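Report on the structure
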Amino acid sequence: MHRAHTAFSLALSPMAHKNFATWLLKSSSSQQMAKVTAAAAVRTYNSAAAEPFANGSTASYVEEMYNAWLRDPTSVHTSWDAYFRSNSYVSPPNLAPVQANTLPLTAFNFGGAVAGAAPDSKTIDDHLAVQAIIRSYQIRGHNIAHLDPLEINTPELPGNSSTKSIYANFSFGEQDMDRQFKLPSTTFIGGDEASLPLKEILNRLENVYCNKIGVEFMFINSLEQCNWIRKRFETPGVLNFSPEEKRLILARLTRATGFEAFLAKKYSSEKRFGLEGCEIMIPALKEIIDVSTELGVESVIMGMPHRGRLNTLANVCRKPLNQIFTQFAGLEAADDGSGDVKYHLGTYIERLNRVTNKNIRLAVVANPSHLEAVDPVVQGKTRAEQFYRGDQEGKKVMSILIHGDAAFCGQGVVYETMHLSDLPDYTTHGTIHVVANNQIGFTTDPRFSRSSPYCTDVARVVNAPIFHVNADDPEAVMHVCKVAAEWRATFHKDCVIDLVGYRRNGHNEIDEPMFTQPLMYQKIRKHKNCLDLYADKLIAEGTVTGEEVKSVAAKYENICEEAFALAKTETHVKYKDWLDSPWSGFFEGKDPLKVAPTGVKEETLIHIGNRFSSPPPNAAEFVIHKGLLRVLAARKAMVDEKVADWALGEAMAFGSLLKEGIHVRLSGQDVERGTFSHRHHVLHHQLVDKATYNSLQHMYPDQAPYSVSNSSLSEYAVLGFEHGYSMTNPNALVLWEAQFGDFSNTAQSIIDQFISSGQSKWVRQSGLVMLLPHGMEGMGPEHSSCRVERFLQMSSDDPDYFPPESDEFGVRQLHDINWIVANCTTPANYYHILRRQIALPFRKPLILCTPKSLLRHPEAKSPFSEMSEGSEFQRIIPDNGPAGQNASNVKKVVFCSGRVYYDLTKTRKEKQLESDIAIVRVEQISPFPFDLVKEQANLYKNAELVWAQEEHKNQGSWTYVQPRFLTALNHSRDVSYVGRACGASTATGSKAQHIRELNALLNDAIST
Ligand SMILES: Cc1ncc(C[n+]2csc(CCOP(=O)(O)OP(=O)(O)O)c2C)c(N)n1
Ligand SMILES: [Mg+2]
């Protein structure tokens, strides 16, 4: 509150307003005044300057003085003249877009002055003071609005907390109250009136800004948007609702309240995270959806936490009540998976919106307990839906995110997600955020859970207007919702509705809130619920009768009872009933164990290779960096030789999928060039800003779209976003690349809660690919390991179970596991594993350790023959050299995974042990290739078996592969470990130690 206090005082300080007139008037002669006005009128300045109070300082007034002085030094007071002549003033940099505007002086059409005569200085002072008051209300009114139904949170303003403080410092007395003041163009409180008595001005401002709505918007750096908001709230009569509208609100509120009451009655000992105290959220969401539908939206994707979720499913999505009630019955599931608790489940519904008579799709995305983790997932899903519908401006598909007050300000992913909101490849063209602000988080109240005045302050960073509203005033809430929906439809930017209510019960229904919030709960116990308050109001004003209120409630209770009876007849729950992203037609008619071939015609590879190595068609005008010309030439040479390096192999996979109509989207930090400068998918004209060429977008005239996007510097939000994107359509290859694999752990909850376990919990599949640069190359602890051990630990294949061997062994394993973990050593295998993601008849996430130094390793190349028709992904790459050809002589088999293979082969060659030691690469680590490991071991019957890895013993693949090796070998042979000792850190920071460790492991592994 301190910051608010300071700015408020500045805006209202007597100095600030008293000096306006003297600044502007050197003398009161009309001639001088005309001069000033003329000088000012031609001036253009940015929108922030147009709102001098917006920054709460006088800086922009000084700037105005300075500009006027520049044009005509005599137009300002001599003191300013002296000041500017002394060069003491440095004009501030002007970063905001310049807009033509007129000085607020045009508003100084002094209502009280005699026509033709120059206004005296007091008149000017008073008018400026009134303007200052208006601005103060617009800027600070929300601080003293009546937002809290419990009236616990008193406004923290200096001295006294009464609304009078807004204008107390201005020297108006009772005698001024009837004086008429001209209204400036920055207010709409007058309606059709150009001027109003001071009393009326204050009354209207009071009503607009300090009543049950607190609008926080004056920080927005756009005059147009500020005016748009002012108009929506200030125009007289905006809060008038028709009797029909009021009845609709009442009916919706009755259902929202009745639903919780019904659950409380029937399942009194069950946790449901009820909405009591903020039931208005249900009519609020419905209003947002109604208005948005009216404005063209056809699909709404929602993300929300536990609180009020069941109510939302029932009353917003209209999920059949019996399906919801069945969740309380503790029934067995009819389908596979481990399921989730009822207040996490998602849903997808297509239905008629009765108010707008339009068809609408509603999805609530399933989410884990991890608060706010679903936010970026919803955004990615929304973006994908917009993309597939060709909805480039977000007119048809929109997202709504619902938050708790404590989580909204506490969880960093909210901020990360907000920062995606205006990025070209991530925007969803405006999200409406609704905060179910019950002024508590579990047992912690806001005084101890945040350092910002509001829980919504995070939204200010993206210039989102914030509409605070008292949740006990349904009509104020509906108005705010209407404005929010219109805001989104008009500006396609985020906005926030802060529904300030309370929590009638404990955190869940079994909790005792009086342990920790005794005073708050004493108040709550005495507080009537919102429905009763509103019903009383409507009865008192004659809109409805008491009987009507009762009958609406009784009707809903009947509906609940019928559904309850129906739910009792169910014997099983079906997870599929709760799917948030159905893939209609994808699974039907498919052999669930048949993988399409991943090799393609050689001519396709050549075509893609040629395109990928060519400059744009208008190459003569498009100036390419010399270094990139060399890259392109090297690529062309490879195509001519029919070999591919890593980047070319990847391009072959992408290009061939695009040719087949599969949309490919690659996203992550610096992915366009690639962290290691190997990819270069986007060529930049060296002389023209934003002129780029992306050859993968121009492979074939009828190809699918390719998108590659450098992301914001976030892992949590961006990985979540891409996961959400991948959920929407199975026929797309969606890849997220970490800058270095290590950084993926900042997105750990997306990995744990969604990617690893999403299918099991929510019967929802995803073919997302995570590309994680990995390898111990002496780059220190944080640029070495993607922590593959963690992914492997979460793999769900049983270490002790060797599945039945059959032709379908590999695909069945893929079908049964939660995800795939691999570390490919050749471009061809990388190419195949990417294509296999789409060739599979189902979708599984793919966690791929990707190389760094191998990107340029002369041996890490693949001939086209390994990518063309007839070739396929190799789960294991056997030894093809002298050892493999004469297996019975081999003394030792070194199994390994990843880039260490190249170090091992080099050492083996140096030691001339190529016939004695076989090196076998395990490319797909999980699901573990039991069958192929067994086959390899059988091949080398007399050999010692070792697993060599460059990661520390407690890291890397060892702990995963060891028990599985034993299972594959039927415990008849042993496999020993070669590699670094256990370590707390992933890698040493010392180059010398790194080399020492590497040499030790190579010597150990390559010795007989
Ligand atoms: C990331 C995360 N941390 C902690 C929790 C445990 N937790 C569950 S609800 C809750 C309080 C949430 O408060 P708020 O966001 O205000 O929502 P409310 O329950 O009040 O509706 C906490 C801390 C969680 N679910 N997720
Ligand atoms: Mg809360």
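Residues numbered from 1 in each chain as written. Chains lettered and ligands numbered in written order. Predicted model: local features only at pLDDT ≥ 70, side-chain atom pairs only at ≥ 80, totals over all residues. Heavy atoms only, no water.

1. Regarding the pattern of salt bridges
Tallied over the full model, the rule gives 46 salt bridges. When the shortest N-O distance is used, the salt bridge between Lys528 and Asp536 registers 2.5 Å. With its nearest N and O atoms 2.9 Å apart, the salt bridge here joins Arg835 to Glu660. Of the two residues, Arg835 sits in helix 30 (residues 827-839) while Glu660 sits in the loop between helix 24 (646-659) and strand 16 (663-668), which places them 175 residues apart along the sequence. (Salt bridge = Lys/Arg side-chain N within 4 Å of Asp/Glu carboxyl O. Helix = DSSP H or I, 4+ residues; strand = E, 2+ residues; numbered from the N terminus.)

2. Observations regarding the sheet that holds strand 5 (residues 213-216)
Pairing within the open sheet is mixed, and its eight strands lie in the order 5-12-13-11-10-6-9-8. Of all the strands in the sheet, just strand 5 and strand 8 (347-353) have a single pairing partner and so form its edges. Strand-to-strand twist in this sheet, taken as the mean axis angle between neighbours without regard to direction, amounts to 20 degrees. Sheet strands in contact with helix 11 (residues 281-294) are strand 6 (299-303), strand 8, strand 9 (358-364), strand 10 (397-404), strand 11 (431-437) and strand 13 (495-500), and its direction is about 165 degrees off that of strand 10. (Pairing = 2+ DSSP bridges. Axes fitted to C-alpha atoms, helices over the stretch in contact; angles between N-to-C directions. Contact = heavy atoms within 4.5 Å.)

3. Considering the sheet that holds strand 30 (residues 976-980)
The five strands lie next to each other as 25-27-26-29-30, forming an open sheet whose pairing is mixed. Each of the sheet's edge strands pairs with one partner strand only, and the pair in question is strand 25 (876-877) and strand 30. Sheet topology places strand 25 next to strand 27 (residues 917-922); two bridges connect them, and they run antiparallel. Bridging across to strand 27, Ile876 finds its partner in Val922. Of the strands in this sheet, strand 26 (892-896), strand 29 (944-952) and strand 30 are in contact with helix 34 (residues 958-968), which crosses strand 29 at around 165 degrees.

4. A word on the site of ligand 1
Within the structure, ligand 1 sits among 15 residues, and Arg307, Ser369, Asp405, Asn438 and Ile440 are positioned closest to it. Here a nitrogen atom of ligand 1 sits 2.9 Å away from a polar atom, N or O, in the main chain of Ser369. One of the side-chain nitrogen or oxygen atoms of Asn438 is found 2.9 Å away from an oxygen atom of ligand 1. About the coverage of ligand 1: the protein hides 74% of its 570 Å² of free accessible area. (Near = heavy atom within 4 Å. Polar contact = N/O pair within 3.5 Å; in protein donor to acceptor, adjacent residues only side chain to side chain. Areas by Shrake-Rupley, 256 points an atom, 1.4 Å probe, with all protein chains shown as cover.)

5. Points about the layout of surface pockets
Quantified by volume, the second largest pocket comes out at close to 820 Å³. Lining the second largest pocket are 35 residues; nearest its centre among them are Asp336, Gln759, Val763, Gln765 and Lys844. Classifying every residue of the lining of the second largest pocket gives twelve nonpolar, 14 polar and nine charged. If you count residues domain by domain, the lining of the second largest pocket takes at least three from each of domain 2 (243-578) and domain 3 (602-774 + 823-866). (1 Å grid on protein atoms, 1.4 Å probe; cavity = no way out; pocket = protein on both sides within 12 Å on 5 of 7 lines; lining within 4 Å. Points joined across faces, edges and corners; volume = space filled by probe spheres on them. Nonpolar A, V, L, I, M, F, W, Y, C, P; charged D, E, K, R; others polar. Domains from an automatic or database assignment.)

6. Looking at the environment of Leu202
Take Leu202: it is sitting in helix 8 (residues 198-209). Placed 69 residues apart in sequence, Leu202 and Ile133 show a C-alpha to C-alpha distance of 8.4 Å.

7. Regarding the nonpolar core
Phe325, Ile400, Val434, Phe467, Ile497, Leu499 and Met770 are the most contacted members of the largest nonpolar core, which totals 169 residues. Of all the elements, helix 18 (residues 474-491) adds the most residues to this core, at ten residues. Ignoring anything within four residues of it in the chain, the contact list for Val434 reads Met281, Leu285, Ile288, Ile400, Leu401, Ile402, His403, Ile497 and Leu499. Listed in part, the 53 residues of the second largest apolar core include Ala651, Ile662, Leu733 and Tyr830. (Core = buried A, V, L, I, M, F, W, Y, C linked by side-chain atoms within 4.5 Å. Buried < 20%, exposed > 50% of the residue type's maximum accessible area, 1.4 Å probe, protein only.)

8. Notes on helix 11
With 14 residues, helix 11 extends 20 Å between its outermost C-alpha atoms, agreeing within 8% with the 20 Å of an ideal straight helix rising 1.5 Å per residue. The element helix 11 is extensively covered by neighbouring structure, given that 13 of its 14 residues are classed as buried. Directly beyond the C-terminal end of helix 11, a positive phi value near 115 degrees is found at Gly296. (Expected span 1.5 Å × (residues − 1).)

9. Focus on the packing of aromatic side chains
As enumerated under the stated definition, the model contains 34 aromatic pairs in all. Seen in terms of ring centroids, Tyr267 and Phe325 are 6.5 Å apart; in terms of plane orientation they differ by 45 degrees. Their pairing is tilted. Highlighted residues: Tyr267 in the loop between helix 10 (243-266) and helix 11 and Phe325 in helix 13 (residues 321-326), separated in sequence by 58 residues. Across the pair, Phe325 and Tyr267 agree in class, each one buried. An angle of 35 degrees between the planes, with centres 5.5 Å apart, marks the rings of Phe802 and Phe930 as tilted. One end of the pair, Phe802, is in the loop between helix 28 (788-793) and helix 29 (809-816); the other, Phe930, is in helix 33 (residues 930-939), with 128 residues separating them in the sequence. Following the ring pairs from residue to residue traces out a cluster consisting of Phe802, Phe809, Phe895, Phe928, Phe930, Trp947, Tyr960 and Phe965. The ring of Phe564 carries the charged tip of Lys266 above its face, separated from the ring centre by 4.6 Å. Across the ring face of Tyr960, the terminal group of Arg964 is positioned such that the distance to the ring centre comes to 3.6 Å. (Phe/Tyr/Trp six-rings, centres within 6.5 Å; stacked < 30°, edge-to-face > 60°. Lys NZ or Arg CZ within 6 Å of the ring centre and 35° of its normal.)

10. A word on the pairing of strand 8
Summarising the sheet, strand 8 and strand 9 pair through seven bridges and their orientation is antiparallel. Within strand 9, the residue paired with Leu352 across the bridge is Asn359. Here strand 8 hands over to strand 9 after four residues, with Asn357 in that stretch at a positive phi of 60 degrees.

11. A word on the coordination of the magnesium ion (ligand 2)
Tetrahedral coordination by four donors sets the ideal angle at the metal to 109.5 degrees; octahedral coordination by six donors sets it to 90 or 180 degrees. For the magnesium ion (ligand 2), the full set of protein donor atoms is Asp405 (OD), Asn438 (OD1) and Ile440 (O), and the range of their distances to it is 2.0 Å. Read from N- to C-terminus, the donor residues coordinating the magnesium ion (ligand 2) fall into the pattern D-x32-N-x1-I. Taken as a pair, Asn438 and Ile440 share a single burial class, namely buried. (Donors = N, O, S within 2.8 Å, 3.2 Å for Na, K, Ca; no water.)

12. Structural notes on the environment of Lys493
On the secondary structure map, Lys493 appears in the loop between helix 18 and strand 13. Among the residues examined, Lys493 registers a relative accessible area of 18% and is labelled buried. Residues Lys493 and Asn463 lie 30 residues apart in sequence; the distance between their C-alpha atoms is 8.7 Å. With sequence-adjacent residues up to four places away left out, Lys493 is seen in contact with Gln225, Asp422, His429, Gly430, Thr431, Val462, Asn463, Trp487 and Arg488. In terms of polar contacts, Lys493 uses its side chain to reach the side chain of Asp422, at 3.2 Å.

13. Quick word on the packing of helix 22 (residues 602-612) against helix 24
To characterise two packed helices, one gives the angle between the axes of the helices and the distance between these axes. Contact pair helix 22 / helix 24: the axes reach a minimum separation of 9 Å and the direction vectors enclose 115 degrees. One element, helix 22, and the other, helix 24, form an angle in the roughly perpendicular class. The element helix 22 and its partner helix 24 pack so that their crossing is right-handed. In this structure, helix 22 contributes Thr604, Leu605, Ile608, Gly609 and Phe612 to the contact, and helix 24 contributes Ala647, Leu648, Ala651, Met652, Gly655, Ser656 and Lys659. For the contact of helix 22 with helix 24, a count of residues per class yields seven nonpolar, four polar and one charged. (Parallel < 35°, antiparallel > 145°, perpendicular 65-115°, else oblique. Left-handed = near helix turned anticlockwise from the far one by under 90°.)

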